[in-house]
Amino acid sequence: MANLLSLQRGVCVRNPGRLASWLAQPRRCKHDESAEYLHRSVVPSMHYQKSLPRLPVPKLEDTITRYLAAQKPLLNDDQFRTTENLAKDFQSTAGKTLHEELVAQDKSNKHTSYISAPWFDMYLSARESVVLNFNPFMSFNPDPRAEYNDQLVRATNMVCSAVRFMKTLRVGLLAPEVFHLNPAKSDTDGFKRLIRWVPPSLSWYGAYMVNAYPLDMSQYFRLFNSTRVPKLGRDELFTDVKGRHLLVMRKGNMYTFDVVDRDGNMVKPGEIQAHLSFILADESPAAAHPLGALTSENRDVWAGLRDKLVAAGNGEALQAVDSALFCLCLDDEDMRDHIHTSHNMLHGDGCNRWYDKSFSVVLARDGQAAINFEHSWGDGVAVLRFQNEIFKDTTEKPLVHPGSAPAGVDSAAAVRRLHFHLDDALRAGIATAKENFDAAVSKLTIDALEFKKGGKEQLKKQKLSPDAVSQLAFQMGFLRQYGQTVATYESCSTAAFKHGRTETIRPATVHTKRCAEAFVQRPGEHSVEQLVEMLKDCSKYHGQLTKEAAMGKLPHNQNHSLYNPKQRLQSQGFDRHLFAMRYLANAKGQALHDFYQDPAYGAINHNILSTSTLTSPAVSLGGFAPVVPDGFGVGYGVHDDWIGCNVSSYPSRNVHEFLQCVDKSLEDIFTVLEGKPIS
């Protein structure tokens, strides 16, 4: 891990040796009170990290086969023949060479995955604003006890729980992230007491024997004290684990105060409450020149303005921002509804945010809360784990309560308001950034759907994948609205592998196209039984794609030799493999093969339907903007008896009509599953 930290270009870490030490092994603090930690896992946090399987480079012939299968529903016969010929030629010429070079490069970098560096580079080299283009949000469910949703009470408890999470992680007491296929065997106290004694170099094998798959946790260290710093051409990730303070934003003004003392202990909850109360009571007007707006700018523009800020004597204040544990955004308005919440948590007003922080907790005046996170450092797995733990801790073991009196401390001395020296050029830059922000977010429309006529339970009784049915409904909805099948992206984590990031599931298939056309265009030509069979075909194929993208072919029989079980885990997506080969060719200055110039390759990577699913007891809804101007950003979750969608679009698409079409599609699917014909 230390090698990765020191060698990865654009990744800046203060004290990398110290950071690597807590990643590698558990440490204990002298001050070891129960209030300091979320829990005490008997298995050290990073126990499995050393023995995780490496992300395999897929076979080139398999990648080409899967690529062509994904292209089939998007092209007519002539287009497909052209694409097929280009793909086959690429496979036997330039692709063969690039693949061999990629495999050789991967073998010489066994400390990481073949996709890690290119994926970091892709994010950090992007010059577009992180707002709408990259940062998503996930909102918390309300605390079940209404009185605990008071803004000050909830903010204090969330800060305390976040500090507890950070401390639990850094001393190695946070339970490892494990995917349990048979929790009755693996998620037990007995197994945990046993596996803790297995050496870290072998621990993954022990979990594998009971059908449990530990997940990569290398991203977790970027959760805290981390910021994306703008640089010309390519940004850097900055982490300073010595930071003990919190960044708080209110009305565009910026404040800091310590939440960890000099001995590494959490500041008393009553003192944190007092400091937040002091900030909420501050009658200072909204910032005339809100510096946070600059983090919404084009990255090169922001890099240039940041250099001017440093030159004007603001380096120390910026260091305080960059090294803060995280950012807490206290907003002064109530949320009217889900749509208002989505807009506020996804982008807000552009003034009361620092979009470059690894994550920000946003708290509205009515206590509604969300996490907005910068995406280059990591994916949803780490953030969701954090959010789940924070929600559980704040609702089950809150440290302050309604009516709790803040501690009698001198908050005026403890809380520092950050002041910045701004010249005319910087003030003009902030004004321009705000204008650009307002113009961008004014084009975004968000709408939501709650389908209450069925959900996960009913679909599982029919032996159908809930995710497959949701994706099919999006295909049907788009076909009903626009008469087309288009490139569709579903994100899938590859955290089962060391330094895995994500892979793409391609939900638009020949099966979904056939089924969608039958339901939407020719329902009267098929019996209910035939339509049900089509649904089953879609579900089966989608399930296969999902398993292949995430973990490849999992063994069906656990009573096999441990000779080389990691070879049984073979990630079988094609998108990251093709991306890595193109990245390699560009890095070597080679001309790209015509395969990459094919309009069909461009079209399948122009993801009109960009989708991501999320279901958690902690999360109310999540969302993101479309990834292309003529696309939809589809966040969705399948619950026991209902299905929810939170969808965004720009003016070239009608999100309201799209959701009406999705609703009709879901209604038709559940009607057929009840044995009734559709009208």
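Predicted model, so just to flag it, every value in this text is computed and none were measured.

Enquirer: Got a sec to walk through the overall build of the chain? Specific residues and values, please.
Expert: A count of helical and extended segments in the chain gives 24 helices and 19 strands. Rg of the C-alpha trace for the chain: 25 Å, near the compact-globule value of 26 Å for 679 residues, within the 12% margin. For the chain, the C-alpha atoms occupy an extent of roughly 75 × 55 × 55 Å along the three principal directions. Each of the 679 residues in the chain was classed as buried or not, and the buried ones make up 58%. A separation threshold of at least 6 residues defines the contact pool for the chain, and within that pool the share at least 24 residues apart is 78%. Per element, the accessible surface of the chain, about 27100 Å² overall, is 51% carbon and sulfur. Averaged over its 77 positive side-chain charges, the chain has a centre that lies 7 Å from the centre of its 76 negative ones.

Enquirer: Talk me through the packing of aromatic side chains; I want residue IDs and the actual numbers.
Expert: In total, this model carries 27 aromatic pairs according to the counting rule given. Aromatic side chains Y67 and Y601 sit 6.3 Å apart centroid to centroid with 45° between the ring planes, which places their arrangement in the tilted category. Placement of the pair is Y67 in helix α3 (residues 60-71) and Y601 in helix α23 (residues 599-604), with a sequence separation of 534 residues. With a relative accessible area of 0%, Y67 lands in the buried category.

Enquirer: With reference to specific residues and values, describe the pairing of strand β9 (residues 327-330).
Expert: What you see with β9 is no split at all: C327 and C329 on one side and L328 and L330 on the other are buried throughout. Of the pairings in the sheet, the one linking strand β7 (residues 245-250) to β9 comprises four bridges and is parallel in character. In the strand pairing of β9, L247 is matched with C327. With four bridges connecting them, β9 and strand β10 (residues 359-363) associate as parallel partners. Paired with L328 across the bridge in β10 is V361.

Enquirer: Break down the sheet that holds strand β16 (residues 609-613) for me, with residues and values.
Expert: Reading across the sheet, the six strands line up as β13-β19-β18-β16-β14-β15 and stay open at both edges, with mixed pairing between neighbours. A single partner strand is all that each edge strand has here, and the edge strands are β13 (445-451) and β15 (502-505). Sheet twist, expressed as the average angle between the axes of neighbouring strands with direction ignored, equals 25°. In this sheet, strand β19 (residues 643-649) lies alongside strand β18 (residues 632-638) in antiparallel orientation, the contact comprising seven bridges. Bridge assignment links G633 to a residue of β19, and that residue is S648. On the sheet, helix α18 (residues 466-482) packs against β14 (488-493), β16, β18 and β19 and is oriented at approximately 145° with respect to β18. Together, β13, β16, β18 and β19 form the strand contacts of helix α24 (residues 655-673), whose direction differs from that of β13 by roughly 15°.

Enquirer: Please give an account of the sheet that holds strand β8 (residues 253-258) that cites residues and values.
Expert: Whenever strands of a sheet pair, they do so through backbone hydrogen bonds, lying parallel or antiparallel. Ordered by their spatial adjacency, eight strands build an open sheet running β12-β8-β7-β9-β10-β11-β2-β17, and the pairing between neighbours is mixed. Each edge of the sheet is formed by a strand with only one pairing partner; in this case those strands are β12 (416-417) and β17 (619-623). Where helix α11 (residues 269-280) meets the sheet, it contacts β7, β8 and β9, and its direction lies at approximately 165° from that of β8.

Enquirer: Which residues make up the nonpolar core, and what are the values?
Expert: If you look at the biggest cluster of nonpolar residues, it comprises 53 residues, and the most contacted ones within it are F165, L276, F326 and L328. Those residues in contact with F165 that sit more than four places away from it in its chain are L38, L174, Y220, L223, F224, R385, F386, E389 and I390.

Enquirer: Run through empty space enclosed by the protein, naming residues and quoting values.
Expert: Using the criterion set out here, one finds five cavities of 30 Å³ or more in the structure. Of the pockets and cavities examined, the second largest cavity occupies roughly 70 Å³. Taken together, D216, Q219, Y220, D379, V381, A382, S493, A495, G500 and R501 form the lining of the second largest cavity. Of the residues assigned to the lining of the second largest cavity, the class counts are four nonpolar, three polar and three charged.

Enquirer: Which residues make up the packing of helix α7 (residues 151-170) against helix α14 (residues 380-396), and what are the values?
Expert: It is at 9 Å that the axes of α7 and α14 come closest, and there the two elements cross at 125°. One way to sum up the angle between α7 and α14 is to call them oblique. In this structure, the crossing between α7 and α14 has a hand that is right-handed. Across the interface between the two elements, R154, N157, M158, S161, A162, R164 and F165 from α7 touch R385, F386, E389, I390, F391, D393 and T394 from α14. Tallied by class, residues from the contact of α7 with α14 come to six nonpolar, three polar and five charged.

Enquirer: Would you mind going over the UniProt feature "active site" (unreviewed entry) in the chain in detail, with residue names and values included?
Expert: Under the UniProt annotation, "active site" (unreviewed entry) lies at H375. Tracing the chain through its elements places H375 in the loop between β11 (369-373) and α14. Ignoring anything within four residues of it in the chain, the contact list for H375 reads Y123, F134, N135, P136 and R501. Here the side chain of H375 touches G378 through a polar contact of 3.0 Å, landing on its backbone oxygen.

Enquirer: Account for the pattern of salt bridges, with residues named and values stated.
Expert: With the rule as written, the count across this model stands at 36 salt bridges. The residue D235 makes a salt bridge to R127 at a minimum N-O spacing of 3.0 Å. In this pair, D235 sits in the loop between β5 (226-229) and β6 (236-240) while R127 sits in the loop between α6 (116-125) and β2 (137-140), placing the two residues 108 residues apart along the sequence. Between D331 and R353 there is a salt bridge; the shortest N-O distance is 2.8 Å. Residue D331 is located in the loop between β9 and α13 (338-346), and its partner R353 is located in the loop between α13 and β10; the two are separated by 22 residues in the primary sequence. R353 shares its class with D331; the two are buried.

About the cut-offs
Residues numbered from 1 in each chain as written. Predicted model: local features only at pLDDT ≥ 70, side-chain atom pairs only at ≥ 80, totals over all residues. Heavy atoms only, no water. Helix = DSSP H or I, 4+ residues; strand = E, 2+ residues; numbered from the N terminus. Rg over C-alpha atoms; globule rule 2.2 N^0.38 Å. Buried < 20%, exposed > 50% of the residue type's maximum accessible area, 1.4 Å probe, protein only. Contact = heavy atoms within 4.5 Å. Areas by Shrake-Rupley, 256 points an atom, 1.4 Å probe, with all protein chains shown as cover. Lys, Arg positive; Asp, Glu negative; His and termini not counted. Charge placed at Lys NZ, Arg CZ, Asp CG, Glu CD. Phe/Tyr/Trp six-rings, centres within 6.5 Å; stacked < 30°, edge-to-face > 60°. Pairing = 2+ DSSP bridges. Axes fitted to C-alpha atoms, helices over the stretch in contact; angles between N-to-C directions. Core = buried A, V, L, I, M, F, W, Y, C linked by side-chain atoms within 4.5 Å. 1 Å grid on protein atoms, 1.4 Å probe; cavity = no way out; pocket = protein on both sides within 12 Å on 5 of 7 lines; lining within 4 Å. Points joined across faces, edges and corners; volume = space filled by probe spheres on them. Nonpolar A, V, L, I, M, F, W, Y, C, P; charged D, E, K, R; others polar. Parallel < 35°, antiparallel > 145°, perpendicular 65-115°, else oblique. Left-handed = near helix turned anticlockwise from the far one by under 90°. UniProt positions renumbered as here; feature names shortened; annotations may be inferred. Polar contact = N/O pair within 3.5 Å; in protein donor to acceptor, adjacent residues only side chain to side chain. Salt bridge = Lys/Arg side-chain N within 4 Å of Asp/Glu carboxyl O.

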